[in-house]
Every structure is written in structure tokens, then in C-alpha cells.
Protein chains: 4
Amino acid sequence: GEVEFFPNISKIEYEGPSSKNPLAFKWYNPEEEIYGKKMKDWLRFSVAFWHTFRGDGSDPFGSPTKQWPWDDGTDSLEMAFTRMRANFEFLKKLGLNRWCFHDRDIAPEGRTLEESNANLDKVVALAKQLQEGTDIRPLWGTAQLFKHPRYMHGAATSPDARIYAYAAAQVKKAMEATKELGGENYVFWGGREGYQSLLNTDLERELNHLGQFLKSAAEYKKKIEFDGVLLIEPKPQEPTKHQYDWDAATAIGFLQKYGLKDDFKLNIECNHATLAGHSCYHELEVSRINGVLGNIDANTGDAQTGWDTDQFLMDIAETTQVMLSVLQNGGLAPGGFNFDAKLRRESTDVEDLFISHIAGMDAMARGLRNAAKILEEGTLPSIVKERYASFDSALGASIESGELGFEELEQEALRMEEPLPASGKQELAEMVFYNSI
Amino acid sequence: GEVEFFPNISKIEYEGPSSKNPLAFKWYNPEEEIYGKKMKDWLRFSVAFWHTFRGDGSDPFGSPTKQWPWDDGTDSLEMAFTRMRANFEFLKKLGLNRWCFHDRDIAPEGRTLEESNANLDKVVALAKQLQEGTDIRPLWGTAQLFKHPRYMHGAATSPDARIYAYAAAQVKKAMEATKELGGENYVFWGGREGYQSLLNTDLERELNHLGQFLKSAAEYKKKIEFDGVLLIEPKPQEPTKHQYDWDAATAIGFLQKYGLKDDFKLNIECNHATLAGHSCYHELEVSRINGVLGNIDANTGDAQTGWDTDQFLMDIAETTQVMLSVLQNGGLAPGGFNFDAKLRRESTDVEDLFISHIAGMDAMARGLRNAAKILEEGTLPSIVKERYASFDSALGASIESGELGFEELEQEALRMEEPLPASGKQELAEMVFYNSI
Amino acid sequence: GEVEFFPNISKIEYEGPSSKNPLAFKWYNPEEEIYGKKMKDWLRFSVAFWHTFRGDGSDPFGSPTKQWPWDDGTDSLEMAFTRMRANFEFLKKLGLNRWCFHDRDIAPEGRTLEESNANLDKVVALAKQLQEGTDIRPLWGTAQLFKHPRYMHGAATSPDARIYAYAAAQVKKAMEATKELGGENYVFWGGREGYQSLLNTDLERELNHLGQFLKSAAEYKKKIEFDGVLLIEPKPQEPTKHQYDWDAATAIGFLQKYGLKDDFKLNIECNHATLAGHSCYHELEVSRINGVLGNIDANTGDAQTGWDTDQFLMDIAETTQVMLSVLQNGGLAPGGFNFDAKLRRESTDVEDLFISHIAGMDAMARGLRNAAKILEEGTLPSIVKERYASFDSALGASIESGELGFEELEQEALRMEEPLPASGKQELAEMVFYNSI
Amino acid sequence: GEVEFFPNISKIEYEGPSSKNPLAFKWYNPEEEIYGKKMKDWLRFSVAFWHTFRGDGSDPFGSPTKQWPWDDGTDSLEMAFTRMRANFEFLKKLGLNRWCFHDRDIAPEGRTLEESNANLDKVVALAKQLQEGTDIRPLWGTAQLFKHPRYMHGAATSPDARIYAYAAAQVKKAMEATKELGGENYVFWGGREGYQSLLNTDLERELNHLGQFLKSAAEYKKKIEFDGVLLIEPKPQEPTKHQYDWDAATAIGFLQKYGLKDDFKLNIECNHATLAGHSCYHELEVSRINGVLGNIDANTGDAQTGWDTDQFLMDIAETTQVMLSVLQNGGLAPGGFNFDAKLRRESTDVEDLFISHIAGMDAMARGLRNAAKILEEGTLPSIVKERYASFDSALGASIESGELGFEELEQEALRMEEPLPASGKQELAEMVFYNSI
């Protein structure tokens, strides 16, 4: 018989809001229909392999704290197989069918690139076998281009051309692995693509290299007929002092400059939004109106700390805003919600892995219910619509059509009474929003 | 005879670094040649009319504190004339020949747009007369589209179409006034072009309106053959929660999206950089490598406060970085350095107006001397150049030429020894930098 | 007959959570009993005269936007009377019986202190008359020691001894006015008690002056037998670069140093907590466990802006945390919840004044309901209690009693097995918390 | 013969400001007299063992990058001996005679506390032997109470009483080791003494435990006649969300509350000041005027990042402010300047260890020269002194003496003319400051 990793945990079931069972869903009811789709189709959740199966609780001031019964803490291939099996049991018990991975999380780095690739092939083969007969597939894959010292100055933006080549080889292989497993997206988080100091950096050259690298990635994707979506994940800083994909607007500008706008979408992480000085809602909306909202890394930071805490997002006001964006985007598919969130260092029980994911899923499910209610009820959308009504006809419509130049507009302005605008009704909008959650 | 506004202040002279005279330059020696140009040609300083002649010392918690002998605190046309005369005496005593203005700073708002325009015409006529026989000209002009309640929801991005028209009329007139006075640039700071809450905002529509507005501005500029440079001034927030021109990268992305990249450059304000989570040097370098570094608002904030303090920039490490960007940009002309900086609320002596500008000019002059020394001495530039040497030939050159796809790069990577990159030498770079200041 | 200020607004009634009426309470039901007291007795709400009746919508970049029908914008004594009448109608229509004021908000500054005092007497007399036959009383009064230019360097901490004296006179009078009106508390917010630059500041001398000033205030309070509570309101900065009462911990340390701990409690403002890098919950808990939680300024800032936005607090997760502190404090009486919150500059309808207060009251009422549920249900309190159980007996109890020195503890440590602590269960605690709101 | 660790590095010599040699001092000339003392006596520099000999370049997103020739990366006792020998060669080549350590940096953690203690004894014995015949001594020692998982919830503030005992045993031993080596101070940095979430924390109980723990430490110090100074090191957060010793003011308040003010001073770290929202100068001045400025951890953060970067402090404006505080404190002895600063992860040459320390020492030496110049020249001190002159006699002196109550002060205020204070002259003060550096 097979080893069971979570023998004390049964499949997590929906028990409704009145349940006090920490190992049950109170809001996430996958088959229930909300706003025209099943919850599971709006909320395409994914488990992040790195946090859930490789997170060891270490931090800059502390050693590992996790001692999972199945994990010996080594980076052996055997242990890689074991962790992958645990991943699949975890997914099934949570009722999820999506997972995300970096190449080096799931398979150990070898002494050479060739050996690393061979290791990856073996673990991918196991994952594929475990996927068989299930609908479990990667939401996305990616290459880990930030942990190894070779990438200390960047991967595509390293000042050393050999590193650029090495990174290209690694992305090529990771993209192939993602395709092999039926992954729906491929993500680029440029953790080291940035600078620590402008004094020793050729900013222009580094950005050009990054543009070239991503262009080659898009070309290779077409060549191998991988039909997943390529996603850029913005983050302002950490580990670098400045990451080139600072926020959604910066990443979009970059994609435009290098002619890559049609080839990439964005993967928005809420914690990264906070670090960039934005709300998560802002980053989602900027992405949405630019047609590049591709995926969400569902987590949260701490509004008062300046680093990436990657906590499970449980705040229902924020999940409601997130889901407002998602509903207005018509959903995220083929993207979804990846729980790029880690247990607190001090949470050391196996059941904490379940509790945290359940809480994160419930919070997003509750956000979905609230957002649907807001849109269906209609008060908030109509506050917005009416505010801009003057652009729906007459002067406003002519402005939007581009037919009025400054001279015509001046004539209008000279003719009109002093135009005092209507109240912005922000408190009313907030009242309506909070009364819906 | 004419009234003298600063009877106790003589023309400010250069006395060299050993001078203890607060009313003398210690570092700014306008005719001295540095790095191939006269200091005055690198440092095209400008006085900001609004701070220097309209700043009254009020803040969100306090009433005005300034009681200049010539100023009765009213917004009369007579007082506008008086302040303009004071401005010219001030410029001459500082030895400067550039100034910047908003329409509503220099002339009072009337009861109607027509009256406001007539007021502006009168003050512009006086300014033109005062300019005669001098080389004093505006570095730039702009329209004040943020103070009047009509603009409370934005100007180009107001939800009220009438406000858009009114703003267009105001920009048209301000651009004409700038041209009339021989101004070299025209600035757009969108203080209210942003949002206070996403809950009541149509983000997409507002951004489209802003794009349309700027397009019309560029067209009108061509129509009237105003040959100044149009400049966008990024700022992340304040007074809005989010300003659309958040930072340089965001503004550049916006210009690209709306096809305006050839028509606009950027006016970088150091204090705004800080508020956006960047160093001023970063914002300047991002602008420079994108070919849009047009002008600098020379000021500073406080690294520990979250609002725009607009202090005079005196930190020589920062001015040295600023001047490194400027020298590598080949200067800023026709842009320059506008002292968008205000006396502290508690600085209430007339001489403080001079002391602050002298200190600001000296700090930038010292930065120029340091930056020239760094570039001429060559150690820092060569640290950077050598870091990227692997891209100057062989593999690196092929990468930059775009001829290597992921397959070729993988072949390279499989062949090479484990590539460990060289030390980044950041502390050495910092040592060299600080030893030069 | 009397003028009615809000003719279109009836008394605000409780209609329950399903109501869509913006001018009704959905959660605040004053007579309903929660956790052993009536809601109105837990939630001793107060209207802040300055924001609600003197807030004009101006900001550092903008002119006033409010044009209330009863307000001519002047600072006349007649207008002061009118505003006070409007205040009382507003209170009654909201069903509130507490208000807060600064001396100079309710009565105009005169040409001399004597005249200012006379003005204040007249307005206080009117307020007293309006209070008659009602249970309306000030929650607290205070002196405005930050707006007038005389206080630009501070009041008690001004480098000018005359200003110290003037400030003392003003506090004396404001304390008398508060007593006259039956006020229950008196607040010190030291908006200008801080520094703009250490370079021109004698930090030690300023702090000693502040200590002396507050000591005199406490003495005068006793002398006139004013039995209200004296409250310090911490804020980290703005308008100063550094305010001496930075946060709760700093203020408590200050009170201890100057022997004032028994004479003062704290007035915690949520927005100030955010600016100090803390959660509001943190500031409340620090105050509570030090026995100085006296009053709450119920508002919120924006987690991503660095200045005091003084918005109405509507986030129910935060109000639930606030109320957890309050319930564990046994309430706040004789303190309460002052709505130190202002309408957004863009909210210009008279009804917005009501909507904002209703939303703020409902949010706190909902927080009360949630907090009571959490405490009554007991899961969260028991998670905390059990975490510390090892200190309830044996080794832990001996530690708490202070009987074990380092030598005895070393003996214990050498004897014991490697002590690995239990999981912190943070995600479980968050799950329980969010499931209760 | 003995192994030489740095065979290519000779003793670092002073060559003066014009030197371009990165391996020479340009400003630090130890025997030169400045402001009445030798530079080496003002600048009691210390090397931090943990950063310099245990820093491996790992960060939350990256593996180790350092590969020092003498270091095999293991935690063996042999390697501990080797590193200690390298430390002494490093100190001698830099011309320094102070070093700082944690117990677990210099000696490996054993399987039991007994074994850990035995390991420590052995390394301490070697260090003592290496110290013989030199004047090298620890500036301070400390216990590492944050890295091991046993301390994940805190040491003195762990909810588990066993951990409290274990921590006490560890501090006892580390204090003994510090005494044995002739250390002059003992430091408490409570990296885990704080909370991650208030929801699962008993704040009051944890703070009481911390007070008890420090009281026992002070008692044990007296018992063993260790005459070093006990120092608290404030930091606001990281790794905790909130550290109890948030900043200087908070730590001072804590010491007062628990009756520990006479037993402890503060160790101020510049990077921690920044994270707390203060300038380093502020933290030093708050400590100085409270008589608790004991030691400085000389490093810097990045003004735009929210975590502890522990960079070498090279900014001369900041070092000048630091030295102004130190000179006004009459120096720091028996405290000093500990370089709690680490090479950037990307700085991987052995010589970078020297370059960084040289640059840090030079920056502080330059600050000393500047600060002495400012105090000797006298303009800045006299600006401050004159600002407060009104408190030196008459009304002001009476205020300071405490003889005037509110009634007497009101009489003064009613008599006086409107008192408008003098200009704060902040820009003048800044001009004088920057002209001196």
C-alpha cells in the first residue's frame, strides 16, 4: 500500500458559515453557482509547491522550524519524489486540481546543468504519472533564477554573458517541463533582475538584455507550440533594491517598449502591490484595463512591514475588491489564484498547512460572494456610471471622439457658467461597499 | 525712482568655499568652466514664482506665517504687479535669468474665464516689459489645474466634461503666455489627475481622457508654433491617493500607450522620487536612458516623512548623483533646474529667501564639481564598464545582437563550466563615490 | 421659529442590516444590549466640531470646496453662533449627545487674548444654553495651539518664553470652558510640540518645558476642581517632522519621566497609529495594559499614504480589533469615540455629513457586535490563554513570582530535554477572527 | 609557522585624502588629535564577528555566495578555531583592538546545553590566548537568542516557561564569557522579543516576563562582579512584526517602568533608527539627553527599503550628525562603534572585507573631523543657543524654575504684546552644516 502523508486529515468538505470546524470550508462550495459560474470555475485555486512543500520556516534571523514527518530536510532525488507524492495527496484532500512549481523546488540542482535537467525529467515523469487519471495540472511553472549564487547579479540582467546563456537554458527546460505536464501558464518573476546600487550598474544595458531574453522566450514558446500564457510578475524590490518589473504600470511600459505586449500578461501578487505603494485592487485594475490581467498570487503582506511576508490573505474587504476586478475581467482563466503564501515560521503543526489553505480559500470565496452581490445589487456600479454620464453625450461624447481641439474647447469654456462638479460621494460608495461584506 | 524690495541685500557674489558669508556663493561660480562648459550653462537655475512669491507658510494645520513688506496678502491685480517686480529684483540679485510660473500664481482668477484671461494678459505684459533688455526668460510655464474647487475631481480626468473643456481652455491660454514670454518649456503636473478611491472611479475612462487631452495639447503646440518642450511631471500621490503619472516608468508607459512619446519629456522632481519609493538618481536615470530627461525640479523631501516637503536640496551626495545623470545626459538644455522648493514655514526673514536659494545653488554647484571629478578621474565609470565586458565580444556580443535563441544558448550553457560571476564591488564603488565628494 | 439647518434630513433611525437607506443605521441600535451594556454605553460617540463644522475642504494644493447653506465662510462671532446651532441640530438628528471642540474652532480669535477670551465666553454661553434640557455635553475640549503663527515653533516647546506663557493662558481658559460645559475630558494634542530639524533644536530643553507645562496643567485642573480626565494624543509627525508624543509607548515613557503618569491618560487616534508604523489595535493594547486607555479618535488613514487623511473608519476588521481592546478595557467611560474624521474634500453635499457619520457609527457598532461574539464564543481567548499555560504553575509560576535567578534557571535548563515550543497557530487565530466578522 | 589568512593584504595605513589606494585610510589617522582626544579614542571601532566571519551571503531568496579560502562552511569546532584566528589577523591588519560576538557565532551549538557550553569554553579559551600580549578585547558580547527554533516565539517572552529558563542559562553563560575575555559591555538585542500577531499574544504577560528577565540579568551581573555596561538594542521589527524595544524612547519607557533605568544603557543602530521612522541622529539625541547613550552599531540601511540591510555607513552627512551627538556626549567609552554591517551578498572578494571596513572607518573619521569643526567654529551651536535665550532670564527662567503656574502665566499673557517668534533659520542652519562637510 501507499504511504499516507496526512493520515489524520480527511477530505475537506463544505460545512457552511456556521461551522466551527477548522478543517472544513465555511464559504467555499465548489459546485455552487455564483454570478453565472460555479465557484470552482471563478476560483481556479493552486497550491504553491515551494511554500507548502519546501518552506522550512527559516528567515534572515532564524533556522528552519518545520519538521514534517515525511521530510528529512535533504535535497535528494528520493526526497523530491516523496514531496511530490505529498503534494498530490494534499491537493486531493483540499479538493484542488492545480499546483505551481519552480524547476529547482521539485527537483534537486545537479553538479552540472545536464544533471539538473536529468533530475528534473525524473520528477516531472513522476508528477505526470501522479496526474494520470486526475484533472490535476500545473496552473503554471517557472524557473528558479534567483537562489543559486550564479544569479546573484541577475539572470537575464547579469553583467556576465555566461549567466544569461545559463538562464536561457534553464527557462527553456522549465517551459518544456510545464508543457509536458499540461501547464496552462508560465511565469517570469525576476527576483534578481534589478540592481542593488546604481553606482555599479549599466541600467540601459541590463534592461535591453531583459527585453531580448523575454523576446527569445516568446519565440521559443511558439516554436514548441506551448500554448500557455506567459506571465510577468511585478515586484518593486527584495531581494534587489530595485526590481525592473516594479509594478503593473512599469511592467506594461516595459512590454510596450520592447514590443512584447501581445506575448505577455501579468501575474499580480497582492503582497507585491503593497510593497510598491499600491493596493492590490489598484494593481489588478491597472492590469485589467490594459488587457493583461492573467493570474493572481493570492497572498497578503503586512501593511506596516516593508518586506514580503507572503501571508495567507484573509481580509474579506480586500478579497472582495480582488473579486470585483476578477468578475469585471470575466474571470482569470486560463489563469487562476495561486496561493503564493507561506505558513508563519511559528506554525509548525501539519494541520496548519490545511488550516491556512482553507482560510485562504474561504476568504476568496467570501470575496466572490460579496463582489457578486455588489454587482448584482447594482448600487455601486451605478454610482460610478452616473458620475461619468456627462461623457455619454453632447460635449463629453465629442471630447471622447477626439473631434474637439483646444480652440473649440476654449469656445465652450468661455460660453459656460462656472462649472462646479458634483459631490464625489466617496463615503456613500464606501458605505455601500462595506454593507455588502 | 523704483521701489527696492530687498534694500539690504546686494547682488550675491562668489566668494569661494572658505567664505562664512551666508549671502555669498561658496561653490557656484557661474563663469567658471567645469567639464567643458560654464557652470551657468550646466546649471540653468530657475526661481519658482509660486513658492518664492506666493508661498505664505500655511500648512494643513497652520495659518500663513510670512509677512513680506511688499505683500498685503490679497489677490489683487496691483499686488500681482508688485510681486512680479519683486521677482525680477530677486532674480537679478541672485544673478539668475530663469523663472517658472503657473497662470494663477502670477495673475488673479477672475469671476469668469474671460476676466481671468484678461488678468493674465496684463501681468504677462508687465513681465514681458520687465524682461526687456535682459536675458531673463521663463524656464517654463504651466496652468494651475489643482487649486480651484472646479478641479477637485481632476481637470483632464474630471468625470464632468465641462471641467475637461475648461481645463483645455486654461492650458491653451497658459501655453500662449509661455510662448509670449519666450519660455523654453511647458509643464504638466497632474496634481488632481488621479483618484481618491477606486470605488467611485472609472479608471480606464479617466486615463483615456488624459491621453486625449495631452494629444490635443501637443497638436495645439504645433499649431501655434510654440517650440518649447512639453514636460510631464511625475508624482505618486498627494493631493490624490494615486496620481496617474506615478513615477518616470509609469509616465513613459503612458506616453507610449497613447502615442505621445515623441511629444513629451519628463520633469523629474527629487521629492516626488522619494515619495514614489525611488532615489532621485533612479528617476533621472530611467528618464535619461529612455531619452526623456527634460528638466529637474531641484528640491528634496524628508526621507522619513510621507508628504511633499519641497525643501531646498542641500545634500551633496544626492546633488552629486543628480549631476552624474545630467552630465551623462549632456546637460538638460533647453531644460534646467527649477527650485520648486519652499522656505520652511518657520523661516520668516526676507533674507531667508536668499539664504535658501544660495544654499540650493551651491549644493548643486558642488554636485557638479564632484560629478565632473568622478567622470574625469574615471575609476567609477571603469568599474561599471568592466563589469559588462563579457557583452562586448564573443558570446555576449552575439546575445546583444539578438542572433542567439534559447536553443543555441542552451548549447552554450551545457558546454560551459559552472559560471560564477565576479564580485559586484559595491563597497568599492561607494568608497570611490564618497571619496570624491 | 428657529432656522432648520438640515431640513431634508429626519432623525436617523435604526433599520437593521437589510436596509438600503443611506440615511439609516444598519448596525447601530443604541438601546440594544451587547455584552452586558447598551450599545450607546459602549459606544460613547462624539462629533468633532472642527471637522464637521469648520472643515472647508481645503488641502495643501487646493482651496475650500464646501459651501454649506448656513456658512458664509467668515470667522465672525455671528457665524460662530450659527455653526454652534447647526452642531446641536446635527447631534440631535444623529441621536448623539457628545461633541468635542477646540477653543478657536467654536469662537473667533480676537485682536488680543482678552478679546479672544471674551469671544469664547459668548460662544460657550450659547452652547451651554443649547445644552440645557438635553443630555448633550462635550466629550472633551481642547485648545488650538498649532494654527496661529505664534505657535509655529511650538506652544509649550516654543523657544520663545512668551509663547509658553501665552499657551498656558489659552489652555487655562479652554479647560475652564470645558468645565463650564460639563465636559468629561480635556485633550492635549501637541501638533507643534516637536521639531522640524535637530540642527536648530535644543531637544532636552524643549522636552523639559513640555513636562513643566503639563505638570502645571494638572495642578490647575486640581485647583479648579475640574474632574475630567486629562488626555495626551500621540502622533508621530505632521505638521512637525517629529512630534514629541510620537506613539503610545513614547508618551507613556514621557509621562513616567516627568512624574505625570497618574495625571494623564491617552487619546488614541487610529490614523496616528498607522503613521507611527503601528496598527490601531497595537496602540490601544499598549495603552490598555499600561492603564492609560482613555479615549479613541475614531478615524482611519490610508495604509499607502504618509499623511493624516482622517477618513471615517469603515473597515470592520479594524473596528472589531478596536472593540476587542475596548471590551477588555471594560469600556472607555468617561472617554468615548470622537469622530476626528473629515469628509473627503470632494464630498460636497450636506447629506454627506450624515452619511459619513452614519457609516462610521455603523462600522464601530458592527465591530462591537463582532468583538462581543468573539469573546462570548471563547475560542480566540482560549487560544491565547492556553499558549501561556506553562506560566500558570510550576517553573513558569516561579519565574513570574521572581523567585528564580539566573543560577536556578540554568540548573533547570541543564536538566531539561531540548524544549521545542508548540505551534503559534496564527493562521488558526486569524481564521477564527475573520469567521467572526 | 602560522597560516596567514590574508596573505595579500598588508597592515592598512593612513595615506591621507589624496590617496587612491582602496586599501589605505584617507581620513582615519588613529593617533591624530581631534577635539581634544586621539581619533582612536573617540572612534573605538569594533569588528562584528557574525557579519565578517559568519556572514555567508544568503538572503531570503538566495543561497550563500561567500567562499572564503579558510572556511569550509561547516559548523565544526575546528572551523570555529580557524575563524577566530582569522578574526585576530583581520583586527591586526586593520589596526583595531575591539571585536563583538554572539555565543553561537564563535562556537557551535551542541546537542545539549552542556555541550554548547563546553564548545563555547573552548573557543573562549582560544580567543583569550590570542588576546594575550595584545590590547585586543571584546567591545561587547551577547547571546544569540533568535536563530534556533526553540526561540521562535521569543526567548524571555516565549509563551513556554522552559524557553525562558533556557534563555536565562544562555545569557548567564554568555555574560561569563564576556567577562572572561575582558569585554566592556554586554548587549541585549531582542530579535524575537515581540509579536507576530496580537491575536495570539498576551502582550502584558510577555512584557512582564521581559522586565523580570532583565532584572535577573542585572542582578547576576552584580553577583559575578562583571563591570561592563548592559545595553539594550532597540529595533522596531524584523524578524518580528513588532519588537518590544521598538526605538530609543520605547526602550527608555520600558526601563523606567520596570525600574531598570540605572542598570541599562542603549546600543543605537543607525539602520534600526531608519526602520523606526527616525534619523539615526534622532535616536542618538534621545538617548544622549536621557543619559543612556552607550554604544553605536555603525551601519546604515537604505532609505527606500523596509528591511535591515546592514550596509556600511559611508554617507558623510550622516556620520557628521552621529559624531555631533558623540562629541556632545563626551564620547562613548566604555562603548564604541561596532561595525554591525555586512558585505553585500554580491561582494565576494576577500579584499571586499577590508575595503568595506576601511570605507566605514574613514566615513566615521570624516564625520568626526566635520563635527569637531562645527563645534569649534561655533556658528551652529550659537544659532541654537540664541534661539532659546528668552529662557535664560526673566520670564523664561521663572518658567524653567517651575515657579509660575497657569494663573501667573495668564497674567503675563494678558499683559504682553502679540508675541510673534523669530525665524527658525532652518535653511541657514543647514547651509552652515553642509558647508562644514
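Residues numbered from 1 in each chain as written. Chains lettered and ligands numbered in written order. Predicted model: local features only at pLDDT ≥ 70, side-chain atom pairs only at ≥ 80, totals over all residues. Heavy atoms only, no water.

Q: What should I look at first to understand the domain arrangement of chain A in this one?
A: Put simply, an interface is often sized by how much accessible area is lost when its parts join up. Along its sequence, chain A is carved into domain 1 (34–377) and domain 2 (388–435). The straight-line distance from the C-alpha centre of domain 1 of chain A to that of domain 2 of chain A is 41 Å. (Domains from an automatic or database assignment.)

Q: What is the right way to read the relation of the copies chain B and chain C from this model?
A: The operation relating the two chain copies consists of a rotation about an axis and a shift along that axis. In the superposition of chain B on chain C (RMSD 0.0 Å, axial shift 0.0 Å), the rotation amounts to 180 degrees. Look at the turn and shift together and you get a two-fold axis relating the two. Residue Gly306 of chain B, judged by its C-alpha, is the member of chain B lying nearest the rotation axis, at 1.9 Å. A shared interface surface links the copies, since 100% of the contact residues of chain B are contact residues in chain C too. (Least-squares fit on C-alpha atoms with pLDDT ≥ 70 in both. Contact = heavy atoms within 4.5 Å.)

Q: I would appreciate a short explanation of the state of the cysteines in the present structure.
A: Defined simply, a disulfide is a covalent bond joining two cysteines at their sulfur atoms. Enumeration according to the criterion identifies four disulfides over all chains in this entry. Between the sulfur atoms of Cys270 of chain B and its disulfide mate Cys280 of chain B the distance is 2.2 Å. Taking the sign of the S-S torsion, -60 degrees for the link of Cys270 of chain B and Cys280 of chain B, the bridge is left-handed. In this pair, Cys270 of chain B sits in helix α9 (residues 270–275) while Cys280 of chain B sits in helix α10 (residues 280–289), placing the two residues ten residues apart along the sequence. In this structure, Cys270 of chain B and Cys280 of chain B share a single accessibility class: buried. Free cysteine: Cys100 of chain A, not disulfide-bonded; nearest cysteine sulfur from Cys270 of chain A at 15 Å. When its relative accessible area of 0% is taken as the criterion, Cys100 of chain A is described as buried. (Disulfide = S-S within 2.5 Å. Helix = DSSP H or I, 4+ residues; strand = E, 2+ residues; numbered from the N terminus. Buried < 20%, exposed > 50% of the residue type's maximum accessible area, 1.4 Å probe, protein only.)

Q: Help me understand the environment of Lys128 of chain D, please; the structure alone is not making it clear to me.
A: Its place among the elements puts Lys128 of chain D in helix α5 (residues 113–131). Setting aside anything within four residues of it in sequence, one finds Lys128 of chain D in contact with Glu180 and Leu181 of chain D.

Q: How should I be thinking about the interface of chain B and chain C in this particular structure?
A: Counting residues at the interface gives 31 residues for chain B, matched by 31 residues for chain C. Here chain B packs against chain C, burying approximately 2,700 Å² in sum over the two surfaces, 58% of which is carbon and sulfur. Among the residues chain B hides against chain C, the three largest losses belong to Phe61, Trp307 and Glu346 of chain B. Together they make up 28% of the total. Between chain B and chain C we count four salt bridges in total. Lys241 of chain C is the partner of Asp302 of chain B in a salt bridge, and the nearest nitrogen-oxygen pair spans 3.0 Å. At the boundary of chain B and chain C, one finds 16 residue pairs in polar contact (both at pLDDT 80 or more). (Buried area = accessible area lost by both parts, 1.4 Å probe. Salt bridge = Lys/Arg side-chain N within 4 Å of Asp/Glu carboxyl O. Polar contact = N/O pair within 3.5 Å; in protein donor to acceptor, adjacent residues only side chain to side chain.)

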